[in-house]
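Descriptive analysis of the structure
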Amino acid sequence: MVRYLARRLPSAVAVLLLASLLIFFVLRLVPGDPATSLAGPDASPEAVAAIRHSLGLDRSIPAQYVAWLGSVATFDLGRSYVIGGQISDLVVAGLVNTVVLAVTALVLALVVALLLSVAAVVWPTRWLTGLVAGFNTVAVALPPFVSGVLLVLVFAVLVPVLPAGGLPPGGFLARPDISMQYLLLPAVCLGLPVAAALTRFLTESLRTEMRQPYVLTARALGVSRWNLVSGSALRNALPTMLTVLGLQAGQLLGGAVLVEAIFAWPGIGQLIEQGISRRDYPVVQVLLLISVTVFVFVQLVTDVVHAYLDPRIRIGGTP
């Protein structure tokens, strides 16, 4: 496992360096000048030039990139141009809320996928198979801005049992008991497409396992479908499913940007949206780099766990 991890780490580091390069230079293509925005429309050219110098924007772009990368490497994230304050403080507050939202959505999606997949394979009736297929189609077809609006309309307007969005004063950590009510709708909205993807994949994996010779032999000996699915078939299907789960976990961060905007959830997605609209380069750079880092880390952990469960991968064979 140590040798396998040593083979995977250089590629992960290379991806992060390439991502930092793309993030930094692409953001410089966004129209507008942060110094002009800070100085105001009536500021003199001298005032704008002074602000550009104080922010280090008068240096060449490669020099700015090297300075920024060095600061990030020493965990000095700098200060926000527009929002104000240390970026590290903004990141911690937003990242906690986003992680809570993403983990809750992932847990809900995993529970739904396990229940639907196992039920569809253990009891392969026409109506249950159609129900699972219908759920997958609807969950994938509905974009978050549609499913989010529908959830708010039903559960916050027509049947007002849950709040439409936001968080109570003090944030999630201050009142986790009340905050769970605010968390449910955005978590369901974020987790729906993930649940559909996991359900489709796990159902097909379980059906493939149920056609294996050891299952057919056990069925001939009188072993029930439930015992086979909940035991051997599910255990054999889970290692491959980890790869899909890792991909979906990484994609949750991308989906969180839109979901947080719909439900006014104060996470990193909302900070990215504010930073882009206000041309606050340091905030957007750090948040995007953190998002890529989390995605790469999740993929690395997923690959390591998969390799641990399947020795053929870590010795260089085909899974």
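Predicted, not measured: the structure shown is a model, and the values here were computed from it.

**Structural notes on a nonpolar patch on the surface**
A contiguous nonpolar surface patch, about 830 Å² in accessible area, is contributed by Val138, Leu142, Leu150, Leu153, Val154, Phe155, Val157, Leu158, Val159 and Val161. With respect to the secondary-structure elements, Leu153 resides in helix H7 (residues 144–158). Here Leu153 falls in the partly exposed class, since its relative accessible area comes to 40%.

**Examining empty space enclosed by the protein**
A complete count under the given rule lists one cavity of 30 Å³ or more for this structure. The space that makes up the largest cavity amounts to roughly 40 Å³. Lining the largest cavity we find Leu27, Val30, Gly275, Ile276, Arg279, Asp280, Tyr281 and Val284. Listing elements by their share of the lining of the largest cavity, those giving two or more residues are helix H11 (268–277) and helix H12 (281–309). The residue inventory of the lining of the largest cavity, partitioned by class, reads five nonpolar, one polar and two charged.

**Some remarks on the packing of helix H9 (residues 213–220) against helix H10 (residues 225–262)**
Two elements in contact, H9 and H10, have axes whose closest approach is 11 Å; the angle formed by their N-to-C orientations is 165 degrees. As the angle between them shows, H9 and H10 are arranged roughly antiparallel. Pair H9 / H10 crosses with right-handed handedness. Contact residues: Tyr214, Val215, Ala218 and Arg219 in H9; Arg225, Leu228, Ser232, Ala233 and Asn236 in H10.

**Notes on the packing of aromatic side chains**
On inspection of all chains with the given rule, the structure shows five aromatic pairs. Arranged with centres 5.5 Å apart and planes meeting at 65 degrees, the rings of Phe24 and Tyr65 form a pair that is edge-to-face. One end of the pair, Phe24, is in helix H1 (residues 2–27); the other, Tyr65, is in helix H4 (residues 61–73), with 41 residues separating them in the sequence. We classify Tyr65 as buried; its relative accessible area is 11%. Put simply, the rings of Phe24, Phe25, Tyr65 and Trp68 touch in pairs and so form one group of aromatic residues.

**Some details on the nonpolar core**
Leu190, Leu198, Leu206, Met210 and Val229 are the most contacted members of the largest nonpolar core, which totals 40 residues. Elements with a minimum of two residues in this core: helix H5 (87–122), H7, helix H8 (176–210), H9 and H10. Setting aside anything within four residues of it in sequence, one finds Leu206 in contact with Ser117, Val118, Val121, Val229, Ala233, Leu234 and Ala237. Ile23, Ile87, Leu287 and Leu289 belong to the second largest nonpolar core, which has 19 residues in total.

**Quick look at the confidence of the model for the protein chain**
Predicted confidence across the protein chain gives a mean pLDDT of 81, with 90% of residues reaching 70 or more. Predicted confidence in the protein chain is weakest over helix H13 (residues 311–314), with a mean pLDDT of 61, and strongest over H7, with 89.

**Observations concerning unusual backbone geometry**
Leave glycine aside and you will find that most residues have negative phi; peptide bonds, for their part, are mostly trans. At Ala264, a residue that is not glycine, the phi angle is positive and equals roughly 50 degrees. The topology assignment puts Ala264 in the loop between H10 and H11. With relative accessibility at 41%, the residue Ala264 sits in the partly exposed group.

So, how was this worked out
- Residues numbered from 1 in each chain as written.
- Predicted model: local features only at pLDDT ≥ 70, side-chain atom pairs only at ≥ 80, totals over all residues.
- Heavy atoms only, no water.
- Patch = residues over 30% accessible without salt bridge, like charges linked within 9 Å, V, L, I, M, F, W, Y side chains within 5 Å.
- Areas by Shrake-Rupley, 256 points an atom, 1.4 Å probe, with all protein chains shown as cover.
- Salt bridge = Lys/Arg side-chain N within 4 Å of Asp/Glu carboxyl O.
- Helix = DSSP H or I, 4+ residues; strand = E, 2+ residues; numbered from the N terminus.
- Buried < 20%, exposed > 50% of the residue type's maximum accessible area, 1.4 Å probe, protein only.
- 1 Å grid on protein atoms, 1.4 Å probe; cavity = no way out; pocket = protein on both sides within 12 Å on 5 of 7 lines; lining within 4 Å.
- Points joined across faces, edges and corners; volume = space filled by probe spheres on them.
- Nonpolar A, V, L, I, M, F, W, Y, C, P; charged D, E, K, R; others polar.
- Axes fitted to C-alpha atoms, helices over the stretch in contact; angles between N-to-C directions.
- Parallel < 35°, antiparallel > 145°, perpendicular 65-115°, else oblique.
- Left-handed = near helix turned anticlockwise from the far one by under 90°.
- Contact = heavy atoms within 4.5 Å.
- Phe/Tyr/Trp six-rings, centres within 6.5 Å; stacked < 30°, edge-to-face > 60°.
- Core = buried A, V, L, I, M, F, W, Y, C linked by side-chain atoms within 4.5 Å.
- pLDDT = per-residue confidence, 0-100.

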